[in-house]
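Now for the letters of each chain:
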Amino acid sequence: MNLIDTHAHLTFEELSGQLDDVLARSVDAGVTRWITVGTHVADNEQVLRLIDKYDNMYGALGYHPHDAKDISDADMELLKQQAAHIKVLAIGECGLDYHYMHSPAETQQRIFRVHLDIAADIQKPVVIHTREAFDESMAILAEYAGRLKNVVIHCYGGDVEQTRLVLDRGYYISFTGTVTFKRSEALREVAKMIPLDRLMIETDCPYISPHPKRNIRPNEPALLIHTAQCLADVHGMEVEEFAQKITQTSEVFFGL
Ligand code: NI
């Protein structure tokens, strides 16, 4: 297998301190490329360092909605400059998180729009984080209809109706280990609806270790194979064939 972990936080200290070992285990498991996702100013700088160091590692740069209140115009200008790097494949993660509300909703919305302006300007895909803010996120994305290269909703947890809307819009859907959890029957039913040319997978490591490895902390890219196996079963396919299809989807999405 040659899976791509389309959303990992390899800069986070749980993983960065043992990164060579983490990546070796990943390659052994068949997860051979990684997109490491930046979430704040210092983290984005770390992403740039890692993608310059490791051949099969790529980046996405953005500011997490939690921190929206701390983001200045200069920070957004810096992001735009950094995003021109050839191995930065996407803008994000960005979006709205009304679960924690670490930043006021209006501030989150404003910063989200600036990310989308940049993604539209430089024509790179955008990685969306949305939590308890589905309708609001979709409304803001609708303002950019026809202007964004590609859109993925990361760590997907939508219901049937929401998923129809996401697919109608032409967006992509990315699943983490949450889809493997025993209680996630409904989410697996949703996963069945999604054609493989719109479906991607990710670890979101160091978080969300998949079943049956939920006791392993931190999560790491090698464990992505359990999410692949779960979704291959959902789609009634052999995991190798499933992996080949969604790797192709990820290559198309990110322009790899
Ligand atoms: Ni993430």
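Details of the structure are given in the entry above.
To keep things clear, this report deals only with the structure shown in the data block. None of the values given here were measured: they were computed from a predicted structure.

## Describing the pairing of strand β2 (residues 31-37)
- The buried fraction of β2 amounts to seven of the seven residues, a majority that puts the element mostly inside the structure.
- Pairing between strand β1 (residues 3-8) and β2: four bridges, direction parallel. The residue bridging L3 from the neighbouring strand is V31, located in β2.
- Taking the sense of rotation as the criterion, the β-α-β connection linking β2, helix α3 (residues 41-53) and strand β3 (residues 57-61) turns out right-handed.

## Quick word on the nonpolar core
- With 70 residues, the main nonpolar core has L10 and F175 as its most contacted residues.
- For L10, the residues in contact, after removing those within four places along its chain, are L15, S16, L19, L23, W34, T36, L50, M57, C205 and P221.
- Counting 13 residues, the second-largest nonpolar core is a separate cluster that includes L89, V152, F253 and F254.

## With respect to the coordination of the nickel ion
- The coordination sphere of the nickel ion, as far as protein atoms go, consists of H7 (NE2), H9 (NE2), E93 (OE) and D204 (OD), spread over 2.2 to 2.3 Å.
- Its four donor atoms give the nickel ion angles of 83 to 174 degrees at the centre, a pattern that matches the irregular case.
- Sequence positions of the residues that donate to the nickel ion give the spacing H-x1-H-x83-E-x110-D. Residue H7 is found in strand β1, and its partner D204 is found in the loop between β8 (199-201) and α9 (224-234); the two are separated by 197 residues along the sequence.

## Quick notes on the layout of surface pockets
- The computed volume of the largest pocket comes to approximately 690 Å³.
- Elements represented by at least two residues in the lining of the largest pocket include exactly β4 (88-97) and β5 (126-131).
- By residue number, the principal contributor to the lining of the largest pocket is β5, which donates three residues.
- A breakdown of the residues in the lining of the largest pocket according to their chemical character gives nine nonpolar, 12 polar and six charged.

## A closer look at the sheet that holds β4
- Pairing within the open sheet is parallel, and its eight strands lie in the order β1-β2-β3-β4-β5-β6-β7-β8. Two strands lie at the open edges of the sheet, namely β1 and β8, each paired on one side alone. Put simply, the sheet's adjacent strands are angled 30 degrees from each other on average, direction ignored.
- Where β2 and β3 come together, four bridges link them in parallel fashion. Within β3, the residue paired with T36 across the bridge is G59.
- Against the sheet, α3 engages β2, β3 and β4, with an angle of about 160 degrees to β3.

## Focus: the pattern of salt bridges
- Counted by the stated rule, this structure contains eight salt bridges.
- The salt bridge partner of R33 is E251, with a shortest N-O separation of 2.7 Å. With R33 in strand β2 and E251 in helix α10 (residues 239-254), this residue pair connects regions lying 218 residues apart in the sequence.
- The exposure class of R33 is buried, given its relative accessible area of 17%.
- On the accessibility criterion, E251 (25% relative accessible area) is partly exposed.

## Brief notes about the pairing of β3
- The buried fraction of β3 is high, at five of five residues.
- As defined by bridge partners, β3 adjoins β4 across three bridges and the pair is classed as parallel. From the neighbouring strand, L61 faces β4, where its bridge partner is I91.

Reading guide: rules and limits
- Residues numbered from 1 in each chain as written.
- Predicted model: local features only at pLDDT ≥ 70, side-chain atom pairs only at ≥ 80, totals over all residues.
- Heavy atoms only, no water.
- Buried < 20%, exposed > 50% of the residue type's maximum accessible area, 1.4 Å probe, protein only.
- Helix = DSSP H or I, 4+ residues; strand = E, 2+ residues; numbered from the N terminus.
- Pairing = 2+ DSSP bridges.
- Right-handed = clockwise from strand over helix to strand, strands pointing away.
- Core = buried A, V, L, I, M, F, W, Y, C linked by side-chain atoms within 4.5 Å.
- Contact = heavy atoms within 4.5 Å.
- Donors = N, O, S within 2.8 Å, 3.2 Å for Na, K, Ca; no water.
- Tetrahedral: all angles 85-135°; square planar, octahedral: opposite > 155°, others 65-115°.
- 1 Å grid on protein atoms, 1.4 Å probe; cavity = no way out; pocket = protein on both sides within 12 Å on 5 of 7 lines; lining within 4 Å.
- Points joined across faces, edges and corners; volume = space filled by probe spheres on them.
- Nonpolar A, V, L, I, M, F, W, Y, C, P; charged D, E, K, R; others polar.
- Axes fitted to C-alpha atoms, helices over the stretch in contact; angles between N-to-C directions.
- Salt bridge = Lys/Arg side-chain N within 4 Å of Asp/Glu carboxyl O.

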